[in-house]
Number of protein chains: 2
Amino acid sequence: MKVKKIFLPESELPRQWYNILPDLPNPMEPPLHPGTGNPVGPDDLAPIFPMQLIEQEVSQDQYIDIPEEILEKYLIWRPTPLYRAYNLERHLDTPAKIYFKNEGVSPAGSHKPNTALAQAYYNKIAGTKRITTETGAGQWGSALSMCCALFGLECKVFMVKVSYNQKPYRRIMMETWGANCVPSPSPETKAGQAILEKDPDSPGSLGIAISEAVEAAVMDENSKYSLGSVLNHVLLHQTVNGLECEKQLEIAGDYPDVIIGCAGGGSNFAGMALPFVRDKINGKDIDIIAVEPTSCPTMTRGPFAYDFGDTVQMTPLLPMHTLGHSFVPAPIHAGGLRYHGMAPIVSQLLLSDLIRAEAVPQLETFQAGITLARTEGFISAPETDHAVAVAIREAIKAKEEGKEKVILFNWSGHGLVDMAAYEAYIQGKLSDHSLPEEEIHRALGDIEPLPKPQQYRKGTIS
Amino acid sequence: MKVKKIFLPESELPRQWYNILPDLPNPMEPPLHPGTGNPVGPDDLAPIFPMQLIEQEVSQDQYIDIPEEILEKYLIWRPTPLYRAYNLERHLDTPAKIYFKNEGVSPAGSHKPNTALAQAYYNKIAGTKRITTETGAGQWGSALSMCCALFGLECKVFMVKVSYNQKPYRRIMMETWGANCVPSPSPETKAGQAILEKDPDSPGSLGIAISEAVEAAVMDENSKYSLGSVLNHVLLHQTVNGLECEKQLEIAGDYPDVIIGCAGGGSNFAGMALPFVRDKINGKDIDIIAVEPTSCPTMTRGPFAYDFGDTVQMTPLLPMHTLGHSFVPAPIHAGGLRYHGMAPIVSQLLLSDLIRAEAVPQLETFQAGITLARTEGFISAPETDHAVAVAIREAIKAKEEGKEKVILFNWSGHGLVDMAAYEAYIQGKLSDHSLPEEEIHRALGDIEPLPKPQQYRKGTIS
C-alpha cells in the first residue's frame, strides 16, 4: 500500500522558526510613523506589543528558538500531516505528484494558531492579562481565543458587526474558548462611539475593528494588541509549517518544483514558502506562487508603495503591494483574502522575482474545492480553495507538458464553518467580482509607487 | 518533551476487523421478521443490503479481512491519533492518565466514515449504483455522502425535515460531496406521500425517514439501503478504531483501566470497546462504560426485549435494550444519542456484565465540553461530550481514591457544525430533560422483557 500521509514524529517538530530578514537579497524599507513620517522604532510599538515580539519584528537572526512552552502546546496539532493527493492526481490524469499540507487539523481548523499560540505566550510572560484583537469572518479571532485559553489569558475580540450577525458559529467558538466577542463598532471605545454617533446602524469594517482593538489595548495597561497577519513576526511564527514540509518531503524522497499558497495578508503563504525561498536564493529552481482573488488583486495589479495597513490611517505606513487603504473589496466568500495590502516581506519577495503571484476568479476556486472534496474527501475553506485551484492549473499544465512535476500546496484550513459559501456556489448565486481596470486606478488615488529595487543575485546563504 | 500524540504508522493500520460474535459468552437471539415473527434470513435482507454485508451480519469468523480498496481510502484519515490529555489532567489535578482517540480528523469530522466507507465499497462491487439512507442531524448522511463520492456512487439522503431546515450546514456538506439530500417526509415515496397527505407540515422523524430510504432502495433495482449504526456489520467496521487504540497504547506502554464511549445506536462505543471486551472475557480487569443521556436512558432504564428498530414497525424485531419504539426523546442537542434502542451486541454485553452504562444530564455534558475546549483546545460534538463528562467523573474519582488509573475515551467527533448548541448552553437556555420514571413506564407500553441470559464465565478465546 502506498503511503498517503507523511507524518513527522513529534520529536522532529522544528525547534526554531526561520527568519528570512537577514537572507533577503534587497533590504526591507522601514515602516514609517503615520504622524511624523519617520521610521518606527521599538518605543513606538511598546504600548501595543510585548517587547519580545517587537524584537522579532526586526531581528536579523536567521533562526529563532521556539520556547519549550510553545513547543509543548504546538503538539496539540503539530506536526501536521503532509498528504499525497493520489485520488486527485488520478482524477486529473496528471503525471504530477501533488502534495498538500493539512493545516486544518488544528482545533480552530486553520493555520492561524501557529502565530496565535506564540503571541499568547510572549504576552503571558510579559505580564499581559488581556489581549485585544479584531476579526472579520472570525478565523483569526477564534484561533487567538483558543490560544489565550491555553495560556490562561483573557481575550477581547472586536468582530466586524455584519459578520458578527451573519456568521454566528465563529463567534460562538470564541465564547466557548472563553473570549469576550463584541460587534464592532461598539460603544466601548471612542473610535466605536464616534462611528455609532454618525451611523448607529454601521455594519462595521476591519479598519474600524482594528482601531477599536488598538485603542482598547493602549487605554488599559494590562492589555496588549495582537495582529493575525502582515507583520514580520507573524510570518516568522508561521514558518514552522514550511520547515515541517521540508522534513516531510525529504522522508517522501521528493523536492517541490512548484509551491502554492493563498495570500490575504500573506502569513499563510509565507509560512509554507519562506524556507523554500531560502533554498531558491541558494540556487534551487522552484516556482513559488502566491494566489489571490481576481476581486482583490493586490499583488498582480497593485503597485509597491508606502500605504497604511488600515482604512482609518492609524497604523504605520508599510512598504507593500497595495490597492490603496480605502479600497473595499467585493464581498467574496474568502473573507481572509479581502485585504487591500500584502505583507511587506511577501511584497519584497515579489519585487525580487523570488516568488510570483497568480489571481483566480471566485467560481474557479469553488469548482476546485468541490473537485478536491469529491476525490480527497476534505472540504476546504474558501481561502484555501484559491490554492487548490492553482494546484489543479499546474497539474493540468504538467499533463500538457508531459512533465512529472512535484506540486506542493498549503491546505490552510477546512470549510466546515463556511458551508453557506458552498451552497451559494452550488445554487449558482456567486459571481467572480473580478476587479475592472478603472476601479483599480480609482482605488489607488494618489498613492505613489516606490522605485523597484535592484534585481537580486543568486548567492548562498550561510 | 513528553509525547502528546501517539501516531500509528500507516503500515500498522489494522488489516482485519474484529468480529465479537463468536466470542460472546452467551449467543445472540436472532432478529425476527416483523410480519411472520420467524428469524430473519439472508433472503429477507437481500433486497436491502448487498450479500457481503449480510454475510458479515451473521459471520462467526473472529477476524474479517479489510479489502485493499478500503484500506487505501481509510488512509485519508486513518490511523487516527491517540492523544494524552496532559492539560486536562493538570486542570483536574488528577493522578489518572487520560487518553483520547481523535476520530474528528476524518473529512466528515467523526467516526461515521469508518463504516460508511466499507458499506460504499461492498455496494460498489455488488453493482449497486445508488445508496439510500436516512439522517437526523446529518452526521451519518454527510459521512455516507463523502464515501459514496470516493467510490463514485450516487447517494440519496432522506433528512428529517425539521433538521433539514434548522441545520443547513450538514445538508450542504452532503451536496458538496455530490449527494441528493431531500427533506423527509418527501413526495418521492409512498411512505412520505401518506404522511404528507395527513399533515403537509409534518416536521418528519427518523422513523419516517427510515421508511422512505428503505422504500426507495427496495423500489429500484440499482439501489440499496445503508444504516449507520445498530447492526452487527456496522459495529464490525468500527472496530478498526479500537484495534488501533490497542496498538497505540502498547506504544505508550499503558493499558486502560477504564474505557469510555458515548452510545446512541452503539456503533461508536462498540468500535472502541469491542477489542477490549475480548481482553476482558480473557480475564483482563477493565471497566468499560457506555454513556447515554439521562433524557434517553436506553441502557440504564430500558429493559432487554424484542422491539422494532424504527417507529413505524417496518424493521425486523431486534433483541435489545429499548425504551419502546414509540418513545420520542426530548430535543437534546446530542441528536445522535436520541435513539430508543441500543445495538443488540452492546445490549448483550450489558446483560453479560461485560460493560456497564452510565447516564449523564445534558448540562454536565456541555460543561465537560467547555472544560476540554479550554484545556486541550478541541471543541467536541454534543454526543462526544457525554464521553468527556464521564472521563472527567472518572478522573475525579481517581483523585479521590488516590489511584493512578489509565482512562481512555473515544473523542468521536468535533462540534464545529454544532455551535448553536454551545451558544444555547452558554446563554443558560438548556435544561437536562432527564426522563421521569412514569414516562419510562408509559413509553414501554406492552413490551415484554426477555429473560436475562446466564452469567458468562471468564474463559479464554482462541
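For the structure, see preceding data.
Given the structure is predicted, the values throughout are model-derived calculations rather than measurements.

**Notes on the pattern of salt bridges**
Residues and elements named next belong to chain A.
Here comes step 1: Applying the stated rule across the entire model yields 54 salt bridges over all chains.
Here comes step 2: A salt bridge links Asp-254 to Lys-97; the nearest nitrogen and oxygen atoms lie 3.1 Å apart. With Asp-254 in the loop between helix H11 (232-252) and strand S10 (258-262) and Lys-97 in strand S5 (residues 97-102), this pair connects stretches of sequence that are 157 residues apart.
Here comes step 3: When its relative accessible area of 14% is taken as the criterion, Asp-254 is described as buried.
Here comes step 4: Residue Arg-393 is joined to Glu-364 by a salt bridge in which the shortest nitrogen-to-oxygen separation is 2.8 Å. Taken together, the positions of Arg-393 in helix H16 (residues 382-401) and Glu-364 in helix H15 (residues 362-376) put the pair 29 residues apart, joining distant regions of the chain.
Here comes step 5: A relative accessible area of 28% places Glu-364 in the partly exposed class.
Here comes step 6: One salt-bridge network, held together by shared partners, links Asp-287, Arg-356, Glu-358, Glu-364, Arg-393, Glu-394, Lys-397, Glu-401, Lys-403 and Lys-405.

**What to know about the interface of chain B and chain A**
Here comes step 1: The interface is formed by 51 residues belonging to chain B together with 51 residues belonging to chain A.
Here comes step 2: With both sides pooled, the region where chain B packs onto chain A buries about 4400 Å², and carbon together with sulfur makes up 62% of that total.
Here comes step 3: Summed over the three residues of chain B that lose the most area to chain A, namely Met1(B), Tyr169(B) and Thr176(B), the buried surface amounts to 16% of that side.
Here comes step 4: Put simply, Arg90(B) and Glu72(A) hold a salt bridge, and the shortest N to O gap is 3.6 Å.
Here comes step 5: Seen at the junction of chain B and chain A, the total is 20 residue pairs in polar contact (both at pLDDT 80 or more).
Here comes step 6: Every element with two or more residues in the side of chain B that touches chain A is listed here: helix H3 (68-74), helix H4 (86-92), helix H6 (139-151), helix H8 (168-176), helix H15 (362-376) and helix H17 (419-426) of chain B.
Here comes step 7: Top element by residues in the side of chain B that touches chain A is H8(B). It accounts for six residues.

**Quick notes on the sheet that holds strand S8 (residues 180-184) of chain A**
Residue and element names in this part refer to chain A.
Here comes step 1: Taken in spatial order, the four strands of this open sheet run S8-S7-S6-S9, and their pairing is parallel. Each having just a single partner strand, S8 and strand S9 (223-225) make up the two edges of the open sheet. Each strand of the sheet is rotated relative to its neighbour by a mean of 25°, with strand direction disregarded.
Here comes step 2: Note: strand S6 (residues 130-135) against strand S7 (residues 154-160), six bridges, orientation parallel. Opposite Glu-134, over in S7, you have Phe-158 as the bridge partner.
Here comes step 3: Packed onto the sheet, helix H8 (residues 168-176) meets S6, S7 and S8 and runs at close to 170° relative to S7.
Here comes step 4: Of the strands in this sheet, S6, S7, S8 and S9 touch helix H10 (residues 206-218), which is tilted by about 170° from S6.

**Observations concerning the relation of the copies chain B and chain A**
Here comes step 1: For the pair chain B and chain A, the relating rotation is 180°, the translation along its axis is 0.0 Å, and the fit reaches an RMSD of 0.0 Å. Such a combination of turn and shift is consistent with a two-fold rotation axis.

**Details of the packing of aromatic side chains**
All names here are of chain A.
Here comes step 1: Considering all chains together, one arrives at 30 aromatic pairs over all chains under this definition.
Here comes step 2: Residues Tyr-83 and Phe-100 carry aromatic rings whose centres are separated by 5.0 Å and whose planes lie at 15° to one another, so their mutual orientation is stacked. Pair noted here: Tyr-83 is in strand S4 (residues 82-84) and Phe-100 is in strand S5, with a separation of 17 residues, a long-range link.
Here comes step 3: Owing to a relative accessible area of 0%, Phe-100 belongs among the buried residues under this scheme.
Here comes step 4: Residues Tyr-83 and Phe-378 carry aromatic rings whose centres are separated by 5.5 Å and whose planes lie at 85° to one another, so their mutual orientation is edge-to-face. Taken as a pair, Tyr-83 in strand S4 and Phe-378 in the loop between H15 and H16 lie far apart in primary sequence, 295 residues in all.
Here comes step 5: The class of Phe-378 is buried, set by a relative accessible area of 5%.
Here comes step 6: Joined through ring pairs, the aromatic side chains of Tyr-83, Phe-100, Phe-378, Phe-409 and Trp-411 make up one cluster.
Here comes step 7: A cation sits over an aromatic face here: Arg-171 above Tyr-164, 5.1 Å from the ring centre.

**Remarks on helix H18 (residues 437-444) of chain B**
Residue and element names in this part refer to chain B.
Here comes step 1: Taken as a whole, H18 has its buried residues at Ile-440, Ala-443 and Leu-444. Seen from one end, H18 has its buried residues packed into an arc of 95°, which puts them on one side. Opposite the buried face of H18, at more than 90 degrees from it, the exposed residues are His-441 and Arg-442.
Here comes step 2: Looking one or two residues past H18, Gly-445 carries a phi angle of roughly 55°, positive in sign.

**Here we look at the pairing of strand S11 (residues 287-293) of chain A**
All names here are of chain A.
Here comes step 1: In terms of burial, S11 is a largely internal element, six of the seven residues being buried.
Here comes step 2: As defined by bridge partners, S10 adjoins S11 across five bridges and the pair is classed as parallel. Bridge pairing links Ile-259 to Ile-288 in S11.
Here comes step 3: Handedness of the crossover is the feature at issue here: the chain leaves S10, passes through helix H12 (residues 267-281), returns alongside S11, and the resulting connection is right-handed.
Here comes step 4: Relative to strand S14 (residues 356-360), S11 runs parallel, the two being bridged by five bridges. Counted as the bridge partner of Glu-292 is Ala-359 from S14.

**Quick look at empty space enclosed by the protein**
A water-sized probe, rolled over the atoms, reveals where empty space remains.
Here comes step 1: Considering all chains together, one arrives at four cavities of 30 Å³ or more under this definition.
Here comes step 2: For the largest cavity, the calculated volume is near 240 Å³.
Here comes step 3: Contributing to the lining of the largest cavity are 22 residues, with Gly104(A), His414(A), Gly104(B), Val105(B) and His414(B) lying nearest its centre.
Here comes step 4: Here the second largest cavity is characterised by a volume of approximately 150 Å³.
Here comes step 5: Lining the second largest cavity are 18 residues, and of these Pro81(A), Val105(A), Phe7(B), Pro81(B) and Val105(B) lie nearest its centre.

About the criteria used
Here the residue index of a chain counts from 1 through its sequence in written order. By the order in which they are written, chains take letters starting at A while ligands take numbers starting at 1. Local features in this predicted model are restricted to residues whose pLDDT is 70 or higher, and side-chain atom pairs enter the listing and the counts only when it is 80 or higher, whereas totals over whole chains, interfaces and linings include all residues. Calculated side-chain values reflect all of the structure's heavy atoms, with hydrogen atoms and water omitted. Salt bridges are counted wherever a side-chain nitrogen of Lys or Arg sits within 4 Å of a carboxyl oxygen of Asp or Glu. Runs of H or I in DSSP of at least four residues are treated as helices and runs of E of at least two as strands, each being numbered from the N terminus. Each residue's exposure class comes from its accessible area (1.4 Å probe, protein chains only) as a fraction of the maximum for that residue type: buried when under 20%, exposed when over 50%, partly exposed otherwise. In what follows, residue pairs with any heavy atoms lying within 4.5 Å of each other are defined as contacts. As used here, buried area is the combined drop in accessible area, with a 1.4 Å probe, of two parts when they are placed together. Under the rule applied, a polar contact is a pair of N or O atoms within 3.5 Å (in protein, one hydrogen donor and one hydrogen acceptor; residues adjacent in sequence only if both atoms are side-chain atoms). In this analysis, strands are considered paired if DSSP registers two or more bridges between them. A fitted line through C-alpha atoms serves as each axis, taken over the contacting stretch for helices, and the angle formed by two N-to-C directions is quoted from 0 to 180°. C-alpha atoms of residues with pLDDT of at least 70 in both copies form the basis for the least-squares superposition of the copies. Stacked, tilted and edge-to-face are the three classes assigned to paired rings of Phe, Tyr and Trp, where Trp is represented by its six-membered ring and a pair needs centres within 6.5 Å; plane angles under 30 degrees give stacked, over 60 edge-to-face, the rest tilted. A ring is considered to have a charge above it if a Lys NZ or an Arg CZ atom is located within 6 Å of its centre and within 35 degrees of its normal. The arc in question is formed by the directions pointing from the helix axis toward the C-beta atoms. Clockwise travel from the first strand over the helix to the second, with the strands pointing away from the viewer, marks a crossover as right-handed. Definitions used for this entry: grid spacing 1 Å over protein atoms alone; cavity, a set of points where a 1.4 Å probe fits but cannot get out; pocket, an open set with protein on both sides within 12 Å along at least 5 of 7 lines; lining residue, one with an atom within 4 Å of a point. Grid points are joined across faces, edges and corners, and a volume is the space filled by probe spheres set on the points.

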